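A structural walkthrough
Below, each chain spelled out in residue letters.
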Amino acid sequence: MTSLNASPLIDLNGVKKAYKTDAGLFLALKGIDLHVNEGEYVAIIGKSGSGKTTLINMITGLDRPTEGEIVVGGEKVERLGENQLAIWRGHTIGVVFQFFQLLPTLTALENVMLPMDFCGTPAFTERRDRARELLRLMEIEEQANKLPAKLSGGQQQRVAIARAIATDPPILAADEPTGNLDSKTAAAVFSLFERLASLGKTILVVTNDPDLARRVSRQLHIADGLIVNDVNGNGRKRVTRNKS
Amino acid sequence: MTRWIKVYRDLWINRSRTVLIILSIAVGVFAIGLIGMSQLALVESLNSQYAAMRPADAILQTVSMLDKDFVEGIRNMRGVDEAEGRRYLLLRISLDGKGETWRDLTLYALHDYNDQRLFLVRQQDGIYPPEKGQVLMERASMVYIGAKPGDQILIKTPDGRQFHLTVTGRVHDLYRIPPVIEGWIYGYVDMSTLRWMGEAEGYNELYVRYEDPTQVRAMTNKVADRIEGIGLPVYRKTLPKPGEHPLNFIIDTMLILLGLVAALSMFLSAMLVINVISALIAQQEKQIAIMKAIGGRSWQIVGLYFSMVFILGLIACMIAIPLSVFGADALAAFAAEQINFDPPKIQFTWQALIFQLGVGLLVPLIAAAPTILNGTNVAPARVLSEYGISQVWGGAGILDRLLSRFFAFTRDTLLALRNPFRKRGRLILSLITLTFAGAVFMAIVNLRDSLGHALNEMFEFWRYDA
C-alpha cells in the first residue's frame, strides 16, 4: 500500500504554531516534520495539550501554521485562501470530530449529503444513493431518516464518518473520534477505519487510547508540541524528524 | 439542495422566532405601503375633487347688498375669469331641537342652484334645489347633527328670532371645513326662504376667479375697490391657496406623522432582524465551522443565511403587501371622511409593489449583512477545537473589578450579571432597540397626556361650563 519512492501524500516541514494568550505566547507546535504516504493508517497519540489536535488542524487546513510548510495531496495548504481551502478540503480530506458535530436539523442521510452539495460531487442524481451506500457501509442505513438527536453517540459517529468520506476524499482525519464513546463502540469505530484503510484511504486518527492505537499501521507520539516517537505498526521505530 | 433543507428546517424548528421576525418586518412593510399608497391617493384625489369644484381665487365679504348686476359687472372686468355672489347668514342651530343646546350654523343662500359658477355645491340626495322653508344640510354637518331627511331643525337669528326648517336632503360643499374639526354647521337654502325669514336677499360674499393666477392679489384689490366704490365696506378678503384645499395640511401632517411611525417601525424591524440574526449566528457558530470543515465555501454559507433573511422578508412582504392595500383603503376612507371628500380608490401600482418589496427585502438584508458577514467569517479551528486556548473569555475587566467589591453577591448572581456583557455588541444593539422602542412609546404616551393636560389647564383658565 505504501509507496516508498513516490512523494508523500502529507508532507509537513518545520511546522510551528503559536497562540497568543493572556499569559503570553503559547507554542503548541514547535517545528514538526512529518511525511505520511498514501494508504497509511496513522494514530497520533499524546496527552491532553500535547499538540495533537493542533497538528491535525494544520493538516486539515482548519488552522494555519505560524511557520513552516504543509503540503497535502500536492497542494501547499498554508497558501490557500479560505474558499480554496474549502474546495480543497471537500475533495481531499474528510474530517471527523470528537463530538460528531452533525448538523442537528438535518437527518443522518442529509448530513451525509451535505458535503456533496457543497462540493458539487457526485452528480445531483447520485447523491442520495451514495449517501445511503455510505450509511450501509457504516452499518447504519436504517437510521438514515433520523435526526442526530435520535441517534446514540456511536451511531452519530458512524454518520460523521460517512459524511467525512461522502465526497470520496483520499484522506480521512479524525480528532479523537472515540473520545466520547464507550470502549465497545470505540472498537467498532476503529474497525470502520480499518475497513476504510483497507479500501485505500489514508487515515490519521488522534487518540488517547493506547489499545486502539495498536491497531494502526503507524503511531506518532506527541509531547509538548513535538513528535517524540514514530513507530510502525509492528513496533519498529521510524526516523523521527522534529525541528525545535 | 440539502443546504436549503437546513434553511427551511432552521426556520421551521424555530417557528416562534421566525414568526416574530416575519411579523416585525411585515409591520414595517405594511406601514410603509399603507402610508405611501394612501398619501398618493389622498393627495391626488383631494386635489382633483377640489379642482372639480372650481375654487375661487378670492373671497370678499361685505354687507348683504350686492346684486346680480354687480356680480355681472365683476364678471366682465378685464382679468376676471368668473364671479359669483352668495348670501350667508351666521345663525345658531339647536342640536336638541328644543332650544336648549345651540351651535353655530352658517346658512348659505344661492340664487340659482343650477347655475353655480364657483365653489360648486353638489347635490347628494333629497329635494334639490330646496324650496321655501326647506334646507339642504352639508353632508358632514348632517352626520354631525344626526338629522334625517324630513326632520325639522330649529334655528335662531342673532336678534333672537327662531325658525323651523325642514331638512330635505344633503349637499356636498368640499370647501367647508367639517364640523368634527371646526364645530361649525352648514346648511343651504334658496332666496325664498331668506324672504320668509325676513332677511335681505343681497349677496354678502363674492367669489372671484382670475385669468392670471399671478395677479390674484392685485386683481382682488381692484374688485375690493369696486365694492367700496359703491359705498360698501369690504370686511374680509380671503385668498385661498391656489389648487390646495384648506385642509390639505391636515393630510400632510397626518401622513408625515404616520410616515415617521412607519420609518421607526421599519428601523425597529431592522434592529430586531440584526438582533435575531446575530443570536442565530452566535448559536450556529459551530454549525458554520462544521460546514466550512466539510467543504462549504464562504459564499455558500453566507448565501444560506442571506437566503434565510430573504425568505423571512419575502413572507413578510406576502403578508404585508395585500394587507397594506386594504389598510390604505381604510386609512384613505377615514381621512376622506374627516376632511369631507369622496374616498379615493386605492390604486395598486407596480411602483408601490417594487417599493414595498425593496423595503421588505433589502432593509432586512442590509441590516443583517454585517452580522452575517462577520459571523460566517469564523475560523473553524477556533470554534471547533476543544483544547480551547482561544475559547477562554478574558472577563469583563472593569465590570469584574466592580462586581468583586460587592461581597453580598452570590456566585450565580455574579454569573447572571456578567453573562450579558460577554457579547457586548449584541448587548449594545439590544439596548438601542429597547431604548428606541421605549422612547417612541413613551413619547407618544407623553404627548397624549401633555396635550390633555394643556387643554385641561386652558379650560381651567377660561372657567366656563357651557
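Per chain, the residues get numbers from 1 upward, laid out in the order the sequence is written. Written order determines the labels here, with chains lettered from A and ligands numbered from 1. Only residues with pLDDT of 70 or above have their local features reported here, since the model is predicted, and side-chain atom pairs are shown and tallied only from 80 upward, although totals for entire chains, interfaces and linings are computed over all residues. Excluding hydrogens and water, the side-chain values take into account all heavy atoms of the structure.

1. Remarks on the packing of helix 8 (residues 248-283) of chain B against helix 15 (residues 424-462) of chain B
Residue and element names in this part refer to chain B. Direction vectors running N to C along helix 8 and helix 15 enclose 155°, while the axes themselves pass 10 Å from each other. It follows that helix 8 is roughly antiparallel to helix 15 by the angle criterion. Handedness of the helix 8/helix 15 crossing: left-handed. Across the interface between the two elements, Leu264, Phe267, Leu268, Met271, Ile274, Asn275, Ser278, Ala279 and Ala282 from helix 8 touch Arg426, Leu429, Ser430, Ile432, Thr433, Phe436, Ala437 and Val440 from helix 15. In terms of residue class, the contact of helix 8 with helix 15 is built from twelve nonpolar, four polar and one charged. Angular values range over 0 to 180 degrees, each being the angle between N-to-C directions of two axes fitted as lines to C-alpha atoms, with helices fitted over their stretch in contact. Secondary structure elements are defined from DSSP: runs of H or I of at least 4 residues count as helices, runs of E of at least 2 residues count as strands, and each element is numbered from the N terminus. Any angle that is under 35 degrees is reported as roughly parallel, and any over 145 degrees as roughly antiparallel; angles of 65 to 115 degrees are reported as roughly perpendicular and all others as oblique. Crossing handedness follows the turn of the near helix against the far one: under a right angle anticlockwise gives a left-handed crossing, and clockwise gives a right-handed one. The contact criterion used is simple: two residues touch if any of their non-hydrogen atoms lie within 4.5 Å. Each residue gets one of three labels, nonpolar for Ala, Val, Leu, Ile, Met, Phe, Trp, Tyr, Cys and Pro, charged for Asp, Glu, Lys and Arg, and polar for the others, Gly among them.

2. Overview of the interface of chain A and chain B
Taken together, the contact between chain A and chain B spans 33 residues of the former and 29 residues of the latter. Carbon and sulfur atoms make up 64% of the surface buried where chain A meets chain B, a total of about 2,900 Å² over both sides. Looking only at chain A, the three residues that lose the most surface to chain B are Thr105, Asp117 and Phe118 of chain A, adding up to 24% of its buried area. By convention in these notes, a salt bridge is any Lys or Arg side-chain nitrogen within 4 Å of a carboxyl oxygen on Asp or Glu. Our enumeration of links across chain A and chain B arrives at two salt bridges. For Arg9 of chain B, the salt bridge is made with Glu110 of chain A, and the minimal N-O distance between the two is 2.6 Å. Under the rule applied, a polar contact is a pair of N or O atoms within 3.5 Å (in protein, one hydrogen donor and one hydrogen acceptor; residues adjacent in sequence only if both atoms are side-chain atoms). Inspection of the chain A/chain B interface yields nine residue pairs in polar contact (both at pLDDT 80 or more). The term buried area denotes the loss of accessible surface (1.4 Å probe radius) that occurs when two parts are joined, taken as the sum for both partners.

3. A few points about the environment of Ala173 of chain A
All names here are of chain A. Considering the arrangement of structural elements, one finds Ala173 in strand 7 (residues 171-175). Along the chain, Ala173 and Ile161 lie twelve residues apart, while their C-alpha atoms are 9.7 Å from each other. For Ala173, the contacting residues outside a window of four places in its chain are Ile56, Thr60, Ile93, Gly94, Val95, Val96 and Leu204.

4. Overview of helix 1 (residues 2-13) of chain B
Spanning twelve residues, helix 1 of chain B covers 16 Å between terminal C-alpha atoms, matching the ideal 16 Å at 1.5 Å per step. Here the term buried applies to any residue with accessible area under 20% of the maximum for its type, exposed to any over 50%, and partly exposed to those in between, with areas from a 1.4 Å probe on protein chains only. All of the buried residues along helix 1 of chain B are Thr2, Arg3, Ile5, Lys6, Val7, Asp10 and Leu11 of chain B. Each element contacted by the buried residues of helix 1 of chain B is listed here: helix 3 (108-119) of chain A together with helix 2 (15-52), helix 9 (285-293) and helix 10 (298-339) of chain B. By definition here, a helix of n residues has an expected span of 1.5 Å times n minus one.

5. Remarks on the nonpolar core
For soluble globular proteins, the rule of thumb is that nonpolar side chains tend to be buried together. All names here are of chain B. Counting 86 residues, the largest nonpolar core has Tyr188, Met291 and Tyr305 as the members making the most contacts within it. Ranked by the residues each element gives to this core, the list is headed by helix 10, at 17 residues. Buried residues of nine kinds, namely Ala, Val, Leu, Ile, Met, Phe, Trp, Tyr and Cys, make up a nonpolar core once their side-chain atoms join them within 4.5 Å. Leu66, Val71, Met142 and Ile227 belong to the second-largest nonpolar core, a separate cluster that totals 41 residues.

6. Quick look at the sheet that holds strand 10 (residues 226-232) of chain A
Residues and elements named next belong to chain A. With respect to topology, six strands assemble into an open sheet ordered 6-7-8-3-9-10, the strand pairing being mixed. Of all the strands in the sheet, just strand 6 (93-96) and strand 10 have a single pairing partner and so form its edges. Strand-to-strand twist of the sheet, defined as the mean angle between neighbouring strand axes without regard to direction, takes the value 15°. Two strands are counted as paired when DSSP detects at least two bridges linking them. Judged from the five bridges that link them, strand 7 and strand 8 (residues 202-207) form a sheet pairing that is parallel.

7. Comments concerning the packing of aromatic side chains
Residue and element names in this part refer to chain B. To pair, rings of Phe, Tyr and Trp, with the six-membered ring standing in for Trp, must have centres within 6.5 Å; the planes then decide the type, stacked if under 30 degrees apart, edge-to-face if over 60, and tilted in the middle. In the structure shown here, the tally under the stated rule is nine aromatic pairs over all chains. Seen in terms of ring centroids, Phe119 and Tyr207 are 5.0 Å apart; in terms of plane orientation they differ by 90°. Their pairing is edge-to-face. Linking Phe119 in the loop between strand 3 (102-110) and strand 4 (122-126) with Tyr207 in strand 9 (residues 203-210), this pair joins segments that are 88 residues apart in sequence. Both residues of the pair, Phe119 and Tyr207, count as buried. Within the aromatic cluster, the residues linked to one another by ring pairs are Tyr88, Tyr108, Tyr186 and Tyr188. By definition, being over a ring means that NZ of Lys or CZ of Arg is both within 6 Å of the ring centre and within 35 degrees of the ring normal. The positively charged end of Arg15 is found above the aromatic ring belonging to Trp12, 4.5 Å away from the centroid. Positioned above the aromatic ring of Trp102, the side-chain terminus of Lys156 is 4.4 Å from the ring centre.

8. Digging into the environment of Ala223 of chain A
Residues and elements named next belong to chain A. Note that Ala223 resides in strand 9 (residues 218-223). By relative accessible area, Ala223 is classed as partly exposed at 30%. Along the sequence, Ala223 and Val95 sit 128 residues apart, while their C-alpha atoms lie 23 Å from each other.

9. Looking at the pattern of salt bridges
Residue and element names in this part refer to chain B. This model, assessed by the stated rule, comprises 31 salt bridges over all chains. Of the charged contacts in the structure, one is a salt bridge between Arg117 and Glu82, with a shortest N-O distance of 3.1 Å. One end of the pair, Arg117, is in the loop between strand 3 and strand 4; the other, Glu82, is in strand 2 (residues 80-94), and 35 residues separate them in sequence. Taking the relative accessible area as the measure of exposure, Arg117 reaches 23% and is therefore partly exposed. Put simply, Glu72, Arg75, Glu82, Asp115 and Arg117 are held in one network by salt bridges that share partners.

10. Quick notes on the sheet that holds strand 4 (residues 67-72) of chain A
Residues and elements named next belong to chain A. Taking strand neighbours across the sheet as the criterion, the four strands line up as 2-1-4-5 in an open arrangement whose pairing is antiparallel. Looking along the sheet, the strands with just one partner apiece sit at the ends: strand 2 (24-36) and strand 5 (75-76). Of the pairings in the sheet, the one linking strand 1 (residues 10-21) to strand 2 comprises ten bridges and is antiparallel in character. Following the sheet pairing, Thr21 is matched in strand 2 by Gly24.

11. Topic: the confidence of the model for chain A
When the pLDDT values of chain A are averaged, the result is 87; 93% of them are 70 or greater. Considering only residues more than four positions removed or in separate chains, one finds that residues 1-5 of chain A, a stretch of pLDDT under 50, has nine contacts. A score from 0 to 100, pLDDT tells how confident the predictor is in each residue.

12. Focus: the side chain of His245 of chain B
Counting through the fold element by element, His245 of chain B comes out in the loop between strand 10 (234-238) and helix 8. In this structure the side chain of His245 of chain B is engaged in a polar contact, spanning 2.9 Å, whose partner is the backbone nitrogen of Leu247 of chain B.

13. Structural notes on the pairing of strand 9 of chain B
All names here are of chain B. Burial of strand 9 is extensive: seven of the eight residues sit out of reach of the surface. Pairing of strand 1 (residues 58-66) with strand 9, which is carried by five bridges, proceeds in the antiparallel orientation. Bridged to Gln61 within strand 9 is Glu205. One ladder, built from six bridges, connects strand 2 with strand 9; its direction is antiparallel.

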